[in-house]
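Take a look at the letters that make up each chain.
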Amino acid sequence: MQIESEDIPAWLGESVGQAHPGEEIVVALCSDISRHRVFGEEWIAATGKRVMVLCAAGEKGGEAEIRHDIDFATLKGVSVNPLVGASALIAEPADGAPVRLISFSRSLGADFSHAADVISLLIKGQEAGLAGAVGIRTTCPKCGKPVPEELNKCPRCTDRTGTILRIAQYALPYKWTLVLMILSMLLGTGFGLITPYMSKLFIDVILKPDDLTGVFERAHWLVPASVALFLAYAAQMSLGGVQERLSGYLGYHTVADVRSRIYERLQELSLSFFDKHQSGALLARVNQDTQEMQRLLVSFIPMTVESGLMFFGIGIFLFLLSWHLTLFVLIPVVLMALFFKLVLPRFWVYMQRFFHRRAKLTAAVSDSLSGIRVIKAFGQEKVETEKFESYSRRYRDAGVEVTRRWSIFHPMFHLLIMSGMVIVWLVGGFLVVRGEMTIGSVVAYSGYLMMFYRPVFMLIRMLDQVTHAVSAAERVFEVIDTEPQIKDSRDARSLPEVRGELEFRDVSFGYDKFKPVLKGINLKISEGEMIGLVGRSGAGKSTLINLICRLYDPDGGEIQLDGMDMRQVRQTDLRKSIGIVLQETFLFNGTIYENISYTRPDATREDVISAAEAANAHEFILRKPDGYDTEVGERGGGLSGGERQRISIARAILRDPSILILDEATSSVDTQTEKKIQEALERLTKGRTTIAIAHRLSTLRRCDRIVVIDKGTIAEAGTHRELMGKKGLFHEMAQMQKEMSRIMLFDGGEGDQEKAHKKGKCGREGDSPGDAEPENGAVKFNDQVF
C-alpha cells in the first residue's frame, strides 16, 4: 500500500530517511493550514513505526523542520477532530493528553480521515488489513481530479465510443435478431447501390441514340430496365421495413434489460449512496435516461451500421467511376472529421449541464409530491411553485443554450457536405469536357454521392439526440458501476439459526468520517434481553440501530452477532433475523394483505390473519369494505397512523425475527390506540432480543436494561430503578418529562383542536390540519367557518 515515490516531495523523503534510516514512507499527506493558523503547507508522514509532521525549508534555505516525531509504541491511535472552520488530526497517546499533529481545512476532511484510518491500522500492527479495510483514494490520470470512492472510473473522462460499444454489448443476448438485422441491412444496401448505376445505364446505353443513324437501338430494354429499377426500389423499401421492425425489437428488449440492471443495482447499493443522491434524480436515471438510450439503439446504432456498409459499398463504386473525382470529394469529408473533433468536446459540456438541471427539476417535483401534506398544512403552495419555476427556468435555459449552440454547428456541417456536390459538377464537368467521363457517369456519380452523404445528413440531424443518449448512458452506467459499500465479504459464512446475542466492541461511526456520531461504543446484549435506548435528539440512537441492521458498517471497532463479526455473516441470514417497527411506518401501494405478507411472500392466508390478530389489527381490517384486500393507497395514506402502525407490527410478527427493533413505535398515536399497540408489542417481544427506542421514558419500565446515549457515547446503563437512583442523565430526563406532564395537565391537557385531530373529527388520525373536512357540521376558527 506504499504510495508512489514520485508523489512524495524529494525533501520529505530525504528528511525522513536522514532521521530514521531504513524506514519507508507509507502515508504522506499535505495540509493547507500551517501551525500559525494561516494558509500554508505542512506534511504528515507515517512509516511502519512512527508518525511525523514536517515543514519544508523556508526561502532562505536551511533544513526542513520536524515538528512532531512520535513512535507508534506510545500511541493508541489517531483521529480527526472537527473544529470551527477547520479540523485537526489528533494523536491519542496511551498515557497523557492528546496531541494536535496538524490542522487542515474542511475540504481535505475526507483525505485526512482516510489517512487517520490507515495510521490507526499501522499503530495496531494490522498492515495486512490495510487494502481491505481502507479504500485507496485515487486520482484520474487524465484530468488529475479525485475519483469518487464508490466509482472505479472518472466520470469526467469517460470514453464515449466505449459507452456506445458497452450499450451494444447488451444486445448480445439477442444475437440472432442482430444477425437478421445486419443481413437485411446488407441486402437493402446492395439493392440501394443498384439504383444510381441504373441511371448511368439509362443515359449512356438505353437512351443513347446511334451516332450514325440516330436510332435508339436498345430501346427494347427500356421496360425491363424500368421494372428492374422498380423491383430494386421495392426490395430496398421492404428490407428497410424488416430492419426497422428488428431494430425496434432489439432496442426495446435491450433497454428493458438495462433498466432492470440499474434497478437491481439500486436495490444492492448501500444507504450511504442514497444519502448523497436525491430520489428524484435517481428516478430520472431509471426512466428518462434509459429512454434516451432506447433512441440510440433503435435509431443511431442501426443507422451507423447501415452507413458503414453504404460508405464501403459506395466508396468502391465512386472509385470505379472516377478515382480522380473521388480524391477531390474526400476533401470535405476530411474537413468534416476535423470539425467534429474540434466542436463535439465543447458541445458535451452543454449537454451535461442540460441533463444535470433536468435531474434537479425531477428531484424537486418528487420532493414536492412526497411532502404535499406538509406543503398544504403550512400553506406553502406558492413557495413551492416559485421553487419549481426556478428549477424549470434553469432547465429551460440549458435547453435553449444547447439548441443555440447546435443551430451554429448544424449549418456548418451541411455547408461542408454540400460543397462535395459542387466539387462533383466542377471537376466532373472538366472531365466530361476532356472526354475522360461521360454525362451518365457524372449523373451516376452525383447519385452515389448523395447516397454517400445521405447517412451523414441523417447522423448529423440525429447528433443532438445521440449526444443526449450517450450522456444519458454515461449517467446510467455511473449507477451500474457503483460498488455497494455494504456487501458480503469473500469469506462470509452462513448463520441460519440466529440466537440474537449482540456485542459492540469499541464501535465508532460517522456519516461523514471526520464527524463521528458514535465514539467507542462498548455494549453487550444477551439473547432474549430487552434493551431500551434513550437520549436526546441527535445523540446517536437511530445510528446505533442502523449499524445493527448493517445499513452501514462501523468506521472503527466491530459488532458481533452470536460471537461472529457481523461483516462475516451473509446479509441474507442477517436480514432474515431482524424485524423492525419504525416510528414513520411505510406501507407499499397495494392491499393490506400484501403489506403484511411483504416480509414472507410464501406465507399462507392463515399465517397472515394470525399475525394480524396478534397485532390487534384483525378487527379494524374486517371493518374495512374489502377486508384484507383493501387498498392502502400511496404510503398507506388510506389508513390512520395507528392502523398503519399495527399493520407494521403484524408484518414484523409474520417475519418471526430473532432480533426486534422498535423505533418510537407508539409516539404518534392516541392513548386508546397506544394501549392496543402496547398489547401487540408485548406479544411480539416475548422470547426475542429487543432494542427499543423511546422518548417517553415510562414506556421502557419493562426493559431488562436501559442504555442512555449522550453525544455518541454510553453515558449510563442499568434498570429503570437503578438509573433513577443514580440521579444522572436518565433521572434528569425523567424529571423533565414529569414537569412537562404537570404543565400539560394544568393547562387542561390537549387542546380541543388537537383532540379533534387525534380522535378523527378532522379526517383520519394522522392527517395534517386542513387536509380533510368534517363529514357533518362545521369547524370554526375565531368564530369563522373554515
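As a convention, each chain's residues are numbered from 1 in the sequence order in which they are written. In view of the model being predicted, local features appear only for residues whose pLDDT reaches at least 70, and side-chain atom pairs are presented and counted only at 80 or more, with totals across whole chains, interfaces and linings using the full set of residues. Water and hydrogen atoms were dropped before computing side-chain values, which therefore reflect all heavy atoms in the structure.

**Q** Tell me what's going on with the overall build of the protein, and back it up with residues and numbers.
**A** Strands here are runs of E lasting at least two residues and helices are runs of H or I lasting at least four, both read from the DSSP assignment and numbered beginning at the N terminus. A count of helices and strands for the protein gives 23 helices and 19 strands. Expressed as a percentage of the 786 residues in the protein, the buried residues total 45%. The contact criterion used throughout is that any non-hydrogen atoms of two residues lie within 4.5 Å. Looking at the protein alone, contacts between residues at least 24 apart form 68% of all its contacts between residues at least 6 apart. Working definition of accessibility: Shrake-Rupley area with a 1.4 Å probe, residue cover restricted to the visible protein chains. With an accessible surface of roughly 42,100 Å², the protein has 56% of that area assigned to carbon and sulfur atoms. Relative accessibility thresholds used throughout: buried, under 20% of the residue-type maximum; exposed, over 50%; partly exposed, between the two (1.4 Å probe, protein chains only).

**Q** How would you sum up the packing of helix α17 (residues 605–614) against helix α19 (residues 641–655)? Please name residues and give values.
**A** Between N-to-C directions, angles span 0 to 180 degrees; the directions come from axes that are lines fitted to C-alpha atoms, helices contributing only their stretch in contact. Look at α17 against α19: their axes get within 8 Å of each other, and the N-to-C directions meet at 125 degrees. The angle between α17 and α19 falls in the class oblique. Note that α17 runs across α19; the crossing there is right-handed. Of the residues in α19, those in contact with Asp-607, Val-608, Ala-611, Ala-612 and Ala-614 of α17 are Ala-650, Ile-653 and Leu-654. For this classification, the nonpolar set comprises Ala, Val, Leu, Ile, Met, Phe, Trp, Tyr, Cys and Pro, the charged set comprises Asp, Glu, Lys and Arg, and every other residue, Gly included, is treated as polar. Taken together, the residues of the contact of α17 with α19 break down into 7 nonpolar, no polar and 1 charged. Roughly parallel here means an angle under 35 degrees, roughly antiparallel means over 145, roughly perpendicular means 65 to 115, and every remaining angle is called oblique. The crossing is said to be left-handed when, going from far helix to near helix, the turn is anticlockwise and less than a right angle, and right-handed when the turn is clockwise.

**Q** Summarise the nonpolar core; cite the residues concerned and give the values.
**A** By size, the foremost hydrophobic cluster in this structure holds 43 residues, and its most contacted members are Ile-596, Ile-621, Tyr-628, Ile-649, Leu-684 and Phe-730. The leading source of residues in this core is α19, at 6 residues. Filtering out sequence-adjacent residues up to four positions away, Phe-730 remains in contact with Val-534, Leu-697, Ile-706, Val-708, Glu-716, His-720, Leu-723 and Met-724. Buried Ala, Val, Leu, Ile, Met, Phe, Trp, Tyr and Cys residues that are joined via side-chain atoms within 4.5 Å together make up what is termed a nonpolar core. Core analysis: the next-biggest nonpolar cluster, separate from the first, contains 32 residues, Leu-495, Cys-549, Ile-559 and Ile-578 among them.

**Q** Residues and numbers for the pairing of strand β10 (residues 530–534), please.
**A** When you tally the buried positions in β10, you get 5 out of 5 residues, the bulk of the element. In this scheme, strands are said to pair when DSSP sees at least two bridges between them. The sheet contact formed by β10 and strand β15 (residues 689–693) spans 4 bridges and is parallel. Following the sheet pairing, Ile-531 is matched in β15 by Ile-691. For β10 and strand β16 (residues 705–710), the ladder comprises 4 bridges, and the chain directions are parallel. Its bridge partner lying in β16, Leu-533 is registered against Val-707.

**Q** Residue-level account of the pattern of salt bridges, with values.
**A** Salt bridge, as applied in this entry: a Lys or Arg side-chain nitrogen positioned within 4 Å of an Asp or Glu carboxyl oxygen. Under the definition given, this model contains 23 salt bridges. Taking the shortest distance from any N to any O, the salt bridge between Arg-536 and Asp-710 comes out at 3.5 Å. Here the residue Arg-536 occupies a position in the loop between β10 and α14 (541–548), and Asp-710 occupies one in strand β16, the gap between them amounting to 174 residues. In this structure, Arg-536 and Glu-732 form a salt bridge, with 3.4 Å as the shortest nitrogen-oxygen distance. Remark: Glu-732 occurs in helix α22 (residues 729–746) and Arg-536 occurs in the loop between β10 and α14; sequence separation between them is 196 residues. Its relative accessible area of 41% is what places Arg-536 among the partly exposed residues. In the salt-bridge network here, residues are joined through shared partners; they are Glu-23, Arg-50, Asp-69 and Asp-71.

**Q** Tell me what's going on with a nonpolar patch on the surface, and back it up with residues and numbers.
**A** Among the surface-exposed residues, Leu-180, Ile-182, Leu-183, Leu-186, Leu-187, Phe-191, Ile-194 and Val-305 lie close enough to one another that they form a single nonpolar patch of about 620 Å² accessible area. You can see Leu-180 is positioned in helix α5 (residues 175–206). Patch rule: a residue counts if its relative accessible area is over 30% and it has no salt bridge; like charges are joined within 9 Å, and nonpolar side chains (Val, Leu, Ile, Met, Phe, Trp, Tyr) within 5 Å.

**Q** Describe in detail the sheet that holds strand β7 (residues 99–104), supporting the description with residues and values.
**A** Across the sheet, 3 strands lie side by side as β5-β6-β7; this open sheet has antiparallel pairing. Where the open sheet ends on each side, the last strands, each with one partner, are β5 (75–82) and β7. On average, adjacent strands in this sheet sit at an angle of 20 degrees to one another, irrespective of strand direction. Pairing of β5 with strand β6 (residues 87–93), which is carried by 7 bridges, proceeds in the antiparallel orientation. Bridge pairing in β6 links Asn-81 to Ala-88. Running at roughly 170 degrees to β5, helix α2 (residues 109–123) makes contact with β5, β6 and β7 of the sheet.

**Q** A description of unusual backbone geometry should follow, citing residues and the corresponding values.
**A** Unlike most non-glycine residues, Asn-616 shows phi in positive territory, near 60 degrees. With respect to the element layout, Asn-616 can be found in the loop between α17 and α18 (618–623).

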